[in-house]
Amino acid sequence: VQLAESGGGLVQPGGSLRLSCEVSGLSLDTDYVGWFRQAPGKERGFVARIGWSDTTAAYADSVKGRFTISRDNARNTVYLQMESLNVEDTAVYYCVAPDGNDWARGSWGQGTPVTVSS
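Predicted model, so just to flag it, every value in this text is computed and none were measured.

Reading the values: the criteria
- Position labels on residues start from 1 in each chain and follow its written sequence.
- Reporting of local features is limited, given that this is a predicted model, to residues whose pLDDT is at least 70; pairs of side-chain atoms are given and counted only at 80 or more, and all residues count toward the totals for whole chains, interfaces and linings.
- Only heavy atoms go into the side-chain values, all of them from the structure, while hydrogens and water stay out.
- Going along the chain from the N terminus, every DSSP run of H or I of four or more residues is numbered as a helix, and every run of E of two or more is numbered as a strand.
- When accessible area is computed with a 1.4 Å probe and restricted to protein chains, residues below 20% of their type maximum are described as buried, those above 50% as exposed, and intermediate ones as partly exposed.
- Only heavy atoms matter for contacts: two residues are in contact if any of them lie within 4.5 Å across the pair.
- Each accessible area is a Shrake-Rupley result for a 1.4 Å probe, and residues are judged covered by the shown protein chains and nothing else.
- His is not counted, nor are the chain ends; Lys and Arg add positive charge and Asp and Glu add negative charge.
- The location of each charge is read from NZ of Lys, CZ of Arg, CG of Asp or CD of Glu.
- By nonpolar core we mean a set of buried residues, namely Ala, Val, Leu, Ile, Met, Phe, Trp, Tyr and Cys, connected to one another through side-chain atoms within 4.5 Å.
- What counts as a salt bridge is simple: a side-chain nitrogen of Lys or Arg found within 4 Å of a carboxyl oxygen of Asp or Glu.
- Strands were regarded as paired on the criterion that DSSP finds at least two bridges between them.
- To get an axis, fit a line to the C-alpha atoms, keeping to the stretch in contact for a helix; angles then go from 0 to 180 degrees between the N-to-C directions.

Concerning the overall build of the protein chain
Here comes step 1: Counting its secondary structure elements, the protein chain contains zero helices and 11 strands.
Here comes step 2: Helices and strands in the protein chain line up, N terminus first, as β-β-β-β-β-β-β-β-β-β-β.
Here comes step 3: Its C-alpha atoms give the protein chain principal-axis dimensions of about 45 × 30 × 25 Å.
Here comes step 4: Looking at the protein chain as a whole, 42% of its 118 residues qualify as buried.
Here comes step 5: A separation of at least 24 residues holds for 52% of the contacts in the protein chain among residues at least 6 apart in sequence.
Here comes step 6: Accessible surface computed for the protein chain: about 6,300 Å², of which carbon and sulfur atoms make up 44%.
Here comes step 7: Computed over 10 positive and 13 negative side-chain charges, the separation of the two mean positions in the protein chain equals 3 Å.

Rendered as structure tokens:
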């Protein structure tokens, strides 16, 4: 499985950004694709996930109502639309395909950095 993120960058507080993750080689057994993030000096944490065969989505409480995960199966791409960004959203964002229910043992992209700063 290969995952390639793009779309990160510098944005002002209150701004928006859309991340993309192009997915290839995904197993037919894969149930979800998700986004995690790692802020400086912190552990990686769950952000959002979406079903690969349906559109069931789940979000971390810290991003609920501000971030939207979606996918375009025709393009094999998963998106993360981020609104009302604040400095606490500054992190490297990773696209992940879990190994069964194990995200840590799954396939991770190289990450795309997001910096929220004025």
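There is more to say after this.
Re the nonpolar core
Here comes step 1: Formed by 28 residues in total, the largest nonpolar core has its most connected members in Trp35, Val47, Phe67, Val78, Leu80, Met82 and Tyr93.
Here comes step 2: Of all the secondary structure elements, the ones that give two or more residues to this core are strand 3 (17-24), strand 4 (32-38), strand 5 (45-51), strand 7 (67-72), strand 8 (77-82), strand 9 (91-99) and strand 11 (112-116).
Here comes step 3: With residues near it in sequence (within four places) discarded, Tyr93 still touches Glu5, Leu19, Trp35, Phe36, Arg37, Val47, Phe67, Leu80, Met82, Gly111, Thr112 and Val114.

Quick word on the pattern of salt bridges
Here comes step 1: Across all of its chains, the model carries four salt bridges by this definition.
Here comes step 2: The partner of Arg37 in a salt bridge is Asp89, and the shortest N-O contact between them spans 2.9 Å. Of this pair, Arg37 sits in strand 4 while Asp89 sits in the loop between strand 8 and strand 9; the two residues are 52 residues apart in sequence, bridging distant segments of the chain.
Here comes step 3: Accessibility expressed as a relative area gives 1% for Asp89, which makes it buried.
Here comes step 4: Among the ionic pairs, Lys64 bridges to Asp61, the shortest N-O distance being 3.1 Å.
Here comes step 5: A cluster of three or more residues bridged by salt bridges with shared partners is formed by Arg37, Arg66 and Asp89.

So, the sheet that holds strand 3
Consider a sheet: its strands pair through backbone hydrogen bonds, and that pairing is either parallel or antiparallel.
Here comes step 1: Pairing within the open sheet is antiparallel, and its four strands lie in the order 1-3-8-7. In this open sheet, the two edge strands, each paired with only one partner strand, are strand 1 (2-6) and strand 7. Here the strands of the sheet are splayed against their neighbours by 20° on average, with no regard to which way each runs.
Here comes step 2: Both strand 3 and strand 8 contribute to a ladder of six bridges, which runs antiparallel.

From the geometry alone we can't say anything about function, so treat these as descriptive.
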